[in-house]
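Observations on the three-dimensional arrangement
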Amino acid sequence: MQMSAKHMKPPRTGALPPTARMPLILFLAALGQSLADQTSWTWKLAERARVDVFLNSAGARLEDPQVADGSGLAAYQDWRPTGERERGVYFEVDVVHFGWREHEVAFTASQAGTLEIRLKGPWAETPDKTDIFHQEVLFDHLRAEGVAPPSPGFETPAGAGAAGWTGGRLEQGSNRVNPAEGTHFLRVWHAHPPGYSEPSEAFCQVPAAAGARVRLRFDARAVWPEGFDDMAPVTNPDSPAHQTAQQLRRGINLSGLFDVPPGEGWAQPFTELDLRAIKAEGFDHVRLPVRWNDHASPSPAASISSEFFARVDDVVAGALNGGLAVVLDLHGFDEFMINPEGHAERFHRIWEQIGEHYRDWSRQLCFELLNEPYADSEHTASNERIIPIYAECIRRLRQSNPDRTLLVGPDNWYGLDRLGTFQVPDGEENVIVTVHCYQPHLFTHQGAGWIPWAATTGVVFPGPPTARLTPAPAAISLPWVADWFQHYHDDPTERNPSSAVSFRALLACGRQWSDYYGRPLYVGEFGAYAESCPADSRLRYHAAIREALDELGLGWAMWEWKAGFRYWDEANHAPMAGLRAAVFGQDTLAPAILAGPKPQRVSEGSDVDFVVIASGTAPLSFEWHKDGAPIQGADRPRLALPGVTSAQAGGYEVTVSNSLGAATTIPVSLIVDSPLRWVLGEADALRLEWSGPATLQWSDSVTGGWEDVVDAASPFAVDPRETARFYRVLPLP
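Residues numbered from 1 in each chain as written. Predicted model: local features only at pLDDT ≥ 70, side-chain atom pairs only at ≥ 80, totals over all residues. Heavy atoms only, no water.

1. Some remarks on the overall build of the protein chain
Each helix and strand counted, the protein chain has 13 helices and 42 strands in total. The globule rule puts the C-alpha radius of gyration for 733 residues at 27 Å, and the 34 Å found for the protein chain is more than 25% above it. Taking the principal axes of the C-alpha coordinates as reference, the protein chain spans close to 130 × 55 × 45 Å. Here the analysis covers contacts within the protein chain between residues at least 6 apart in sequence; of these, 72% occur between residues at least 24 apart. Carbon and sulfur atoms make up 53% of the accessible area of the protein chain, which amounts to about 29,900 Å² in all. In the protein chain, the 61 positive side-chain charges and the 92 negative ones have mean positions that sit 2 Å from each other. (Helix = DSSP H or I, 4+ residues; strand = E, 2+ residues; numbered from the N terminus. Rg over C-alpha atoms; globule rule 2.2 N^0.38 Å. Contact = heavy atoms within 4.5 Å. Areas by Shrake-Rupley, 256 points an atom, 1.4 Å probe, with all protein chains shown as cover. Lys, Arg positive; Asp, Glu negative; His and termini not counted. Charge placed at Lys NZ, Arg CZ, Asp CG, Glu CD.)

2. Thoughts on the packing of helix α5 (residues 344-357) against helix α6 (residues 383-400)
Viewed as axis vectors pointing N to C, α5 and α6 meet at an angle of 25 degrees, and their least axial separation amounts to 9 Å. With respect to their mutual orientation, α5 and α6 come out roughly parallel. For the pair α5 and α6, the sense of crossing is right-handed. Contact with α5, carried on its side by Ala344, Glu345, Phe347, His348, Trp351, Glu352, Gly355 and Glu356, involves Ile389, Glu392, Cys393, Arg396, Leu397 and Ser400 of α6 and no other residues of that element. (Axes fitted to C-alpha atoms, helices over the stretch in contact; angles between N-to-C directions. Parallel < 35°, antiparallel > 145°, perpendicular 65-115°, else oblique. Left-handed = near helix turned anticlockwise from the far one by under 90°.)

3. Considering the side chain of Arg580
Here Arg580 lies in helix α13 (residues 579-584). Discounting chain neighbours no more than four positions away, the residues touching Arg580 are Glu281, Tyr567, Pro575, Gly585, Gln586, Asp587, Leu589, Gly616 and Thr617.

4. What to know about the nonpolar core
One recurring pattern in soluble globular proteins is that nonpolar side chains are buried together. Residues Trp292 and Leu328 are the most contacted members of the largest nonpolar core, which totals 112 residues. Beyond its immediate stretch of four places on either side in the chain, Trp292 contacts Ile304, Phe308, Phe309, Val312, Leu328, Asp329, Leu330, Ile350, Ile354 and Tyr358. In this structure, Ala46, Val53, Val214 and Phe228 belong to the second largest nonpolar core, which totals 43 residues. (Core = buried A, V, L, I, M, F, W, Y, C linked by side-chain atoms within 4.5 Å. Buried < 20%, exposed > 50% of the residue type's maximum accessible area, 1.4 Å probe, protein only.)

5. Considerations on helix α10 (residues 479-490)
For the α-helix, the turn length of 3.6 residues means that residues three or four positions removed from each other point alike. The terminal C-alpha atoms of α10, which comprises 12 residues, lie 17 Å apart, in line with the 16 Å expected from a rise of 1.5 Å per residue. Along α10, the residues that are buried comprise Val481, Trp484, Phe485, His487, Tyr488 and His489. On its buried face, α10 is in contact with β4 (62-67), α8 (441-444) and α9 (473-476). (Expected span 1.5 Å × (residues − 1).)

6. Some remarks on helix α12 (residues 535-552)
The end-to-end C-alpha distance of α12, which contains 18 residues, comes to 26 Å, matching closely the 26 Å that a straight helix rising 1.5 Å per residue would cover. Among the residues of α12, those classed as buried are Ser537, Arg538, Tyr541, His542, Ala543, Ala544, Ile545, Arg546, Ala548 and Leu549. On its buried face, α12 is in contact with β17 (250-253), α8, α11 (501-517), β23 (521-525), β24 (555-558) and α13.

7. Digging into the pattern of salt bridges
Summed over all chains, the structure comprises 50 salt bridges. Residues Arg61 and Glu86 are paired through a salt bridge, measuring 2.4 Å at the closest nitrogen-oxygen approach. Within this pair, whereas Arg61 is found in the loop between β3 (48-56) and β4, its partner Glu86 is found in the loop between β5 (73-76) and β6 (88-94), the two being separated by 25 residues in sequence. We classify Arg61 as partly exposed; its relative accessible area is 30%. A relative accessible area of 35% means that Glu86 is categorised as partly exposed. Where Arg396 meets Glu345, a salt bridge forms, and the shortest distance between an N and an O atom there is 3.0 Å. Here Arg396 is found in helix α6, whereas its partner Glu345 is found in helix α5, with 51 residues between them in sequence. Note on Arg396: relative accessible area 17%, which makes it buried. The exposure class assigned to Glu345 is partly exposed, which follows from its relative accessible area of 41%. (Salt bridge = Lys/Arg side-chain N within 4 Å of Asp/Glu carboxyl O.)

8. Quick look at the environment of Leu365
Within the secondary structure, Leu365 is located in strand β20 (residues 365-368). Spatially, the C-alpha atom of Leu365 lies 34 Å from that of Leu442, the residues being 77 residues apart in sequence. Excluding residues within four positions of it along the chain, Leu365 makes contact with Val316, Leu320, Val326, Leu328, Tyr358 and Arg404.

9. Observations concerning the environment of His436
Position of His436 relative to the elements: it lies in strand β22 (residues 431-436). A residue is classified by how much of its surface remains accessible, and His436, at 5% relative accessible area, is buried. Sequence separation between His436 and Arg495 is 59 residues, and the spatial gap between their C-alpha atoms is 22 Å. Polar contacts involving the side chain of His436 include one to the side chain of Glu372, which spans 2.6 Å. (Polar contact = N/O pair within 3.5 Å; in protein donor to acceptor, adjacent residues only side chain to side chain.)

10. Some points on the sheet that holds β4
Here we have 6 strands laid out as an open sheet, ordered β4-β7-β16-β9-β14-β13, and antiparallel in their pairing. This sheet does not close on itself; its edge strands, each paired only once, are β4 and β13 (169-172). Looking at each pair of strands side by side, their axes are set apart by 35 degrees on average, direction ignored. (Pairing = 2+ DSSP bridges.)

11. Some points on unusual backbone geometry
Omega for the peptide link from Gln439 to Pro440 comes to -5 degrees, which places this bond in the cis form. Here Pro440 shows up in the loop between β22 and α8. Of the consecutive residues Ala618 and Pro619, the connecting peptide bond is found in the cis state with omega at 0 degrees. Mapped onto the secondary structure, Pro619 falls in the loop between β30 (613-615) and β31 (621-626). Residue Phe154 is not a glycine yet carries a positive backbone phi of 55 degrees. Positive phi outside glycine occurs at Ala302, with the angle close to 50 degrees.

12. A few points about the environment of Val177
With respect to the secondary-structure elements, Val177 resides in the loop between β13 and β14 (184-188). Val177 gets classed as buried once you look at its relative accessible area, which sits at 16%. Spatially, the C-alpha atom of Val177 lies 109 Å from that of Arg721, the residues being 544 residues apart in sequence. In contact with Val177, not counting residues within four places along its chain, are Trp100, Leu138, Phe185 and Arg221.

13. Overview of the sheet that holds strand β39 (residues 694-699)
Pairing in this open sheet of 3 strands is antiparallel, and the strands run β40-β39-β42 from one edge to the other. Sheet topology places β40 (707-708) and β42 (726-731) at the edges, where each strand pairs with a single neighbour. The sheet contact formed by β39 and β40 spans 2 bridges and is antiparallel. Residue Trp698 lies in a different strand from β40, and its bridge partner there is Glu707.

14. With respect to the confidence of the model for the protein chain
Of the residues in the protein chain, 92% have a pLDDT of 70 or more, and the chain-wide mean is 88. The model gives residues 2-39 a pLDDT under 50, and that stretch makes 119 contacts with residues more than four places away or in other chains. (pLDDT = per-residue confidence, 0-100.)

15. Notes on the packing of aromatic side chains
For any pair of aromatic rings, the description consists of the separation of the ring centres together with the inter-plane angle of the planes. A full pass over the atoms with the stated rule returns 41 aromatic pairs. Ring centres 5.5 Å apart and planes at 90 degrees place the aromatic pair Trp292 and Phe308 in the edge-to-face group. Here Phe308 lies in helix α3 (residues 306-321) and Trp292 lies in the loop between β18 (285-290) and α3, a separation of 16 residues in the sequence. In this structure Phe308 comes out as buried when scored by relative accessible area, which is 3%. Between Tyr358 and Trp361 the ring centres are 4.9 Å apart and the planes differ by 80 degrees, which places this aromatic pair in the edge-to-face class. Taking relative accessible area as the criterion, Tyr358 reaches 0% and is therefore assigned buried. Taken together, the ring pairs connect Phe258, Trp292, Phe308, Phe309, Trp351, Tyr358, Trp361 and Phe367 into an aromatic cluster. Its end group placed over the ring of Phe133, Lys44 keeps NZ or CZ at 5.3 Å from the ring centre. (Phe/Tyr/Trp six-rings, centres within 6.5 Å; stacked < 30°, edge-to-face > 60°. Lys NZ or Arg CZ within 6 Å of the ring centre and 35° of its normal.)

If you want it as structure tokens, here you go:
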């Protein structure tokens, strides 16, 4: 995440450019026996399935069309003649080839009539616009509320299709694809121009009552075409990447340190105390975003200065020495996003230097090659273009770091929905794939000034709210935002777009991908903007997404420690109220010493402060001791000793405790230096006294010639009948 300039995109609302390793578009002829009558098709792996619905009743309207989790597309059929367009709706939902995904679409029929329901693949033209891509989709386990479609599970054959359905091809499960339910599923694709004889779309007709809210639930899956170059699964469940993933279970991002763009003023001060607190809170690693490109020379060598490396080294070494693993990230390489190929060599040179610099460092240090690649009208860092650049960068890094774990992720800002066309070089088993999850964006980023469409504040989690909220003008002008707020106000929590439904299915899909390919998946960012999100909703959000991540067994790193999405309350040296319980599932933490009191040496009469900084579940109790004995009334984090005397010199420590345990600081010394004093003893005897370790010296002249009095200690007896002598004390360091 880039706090300053990132423009996060809303849920996708249409087909994106085809993406793959080779890429995933092939021109195939007569592929498979079932397609023998086709001369040529332009194949593409489907990323979306489509459902079209039309109401055969003049003057009718399909009202309030919706994809239940808010991540798909629901739109009127604008290709129909005026007057018929709102009688038809088409829905597009995400599909992947590595598993079934469950979806729900809904609409309301304004009047009674006959509904025509069509199941098909997505529509997208070939580049020459002479045909549409052939994208096959599987449907299974169709069920409905408000209507009664025939053969809901497609279990009853009728010719090549399913009973009650026209078109499509009914197939039984196989070793390659198991049904989502039962024994059969329906294979469909989008209708081709005249001349293609095999049925493609599947459709049925069912009666609908006026005012009926219709909900269609189904499972869908993309078909991986034969001949396409799929990524080989990793068969070793104990691969180096899997071993590293066990060290990246619960992490925190250190934003505001090295990811601040030049000229922006939101940098955060970090000290060793932060790293100690992170460890004490229960995090096992930190993710460190670094804008390396901003600190590399503009020359082809892209040289990174030793001074900047030293600054990064301090934090990385501090984390590693403190028992935290580190994910070192290349953040904010904006030029690369616009032209990946044009900046590929600079990208490689940066990583070659980083790899060489850290080649002998702990294997608990991981490299994340590029934060959140994305492609839009201006930027072109799509899967198709970054995959070969990743592959070359990995090849070069392996020359200096053959055993280091690397992290890479898909486009669409590390979108979970883009895993289907993302690939890692075959044979490379020490790579973790990383994604980010900020759904629902209109909740998590509300009030974030760098995202105009998220300007509306007061959004709660989960929805619906108790009172309707007026969206900000800058946001409501976007149709998808207006649609989101409508459902936010009206839908129950189990289907509300501001609820766990917005991210649970996506995260589950990520788990499917991980299981299918045998590769660990890591969620490197999630969080909610502390400046604007309602505090109680923010706690509920963090608890809900953390529960989902833990249930799916996915390692994660929260965004972030103490900037705008903060976990830590710097002023109170504690987590934001309630956040520990939300992020860790409990708010019980035994005391830990973050910073103990420092030893001091002062002159007699000086004021002394001893301070301890500790973490742990409140309330914390403090008990100070001097030379092992408790100090009366000393029960605060700060021990103030005004005007100290030599009698107060000694060893000081403090015990911090709560109901779960106690922690005690290492004893530190207080040395009180006092002037040399003459003290009259019995029988006119004289003695010298001083405090603290020192050397006693004598001379027969104040002008010099000082000699040590060997083994002298306070008090030191002096015979007044001796020849006149002068004495002085030199405090030892």
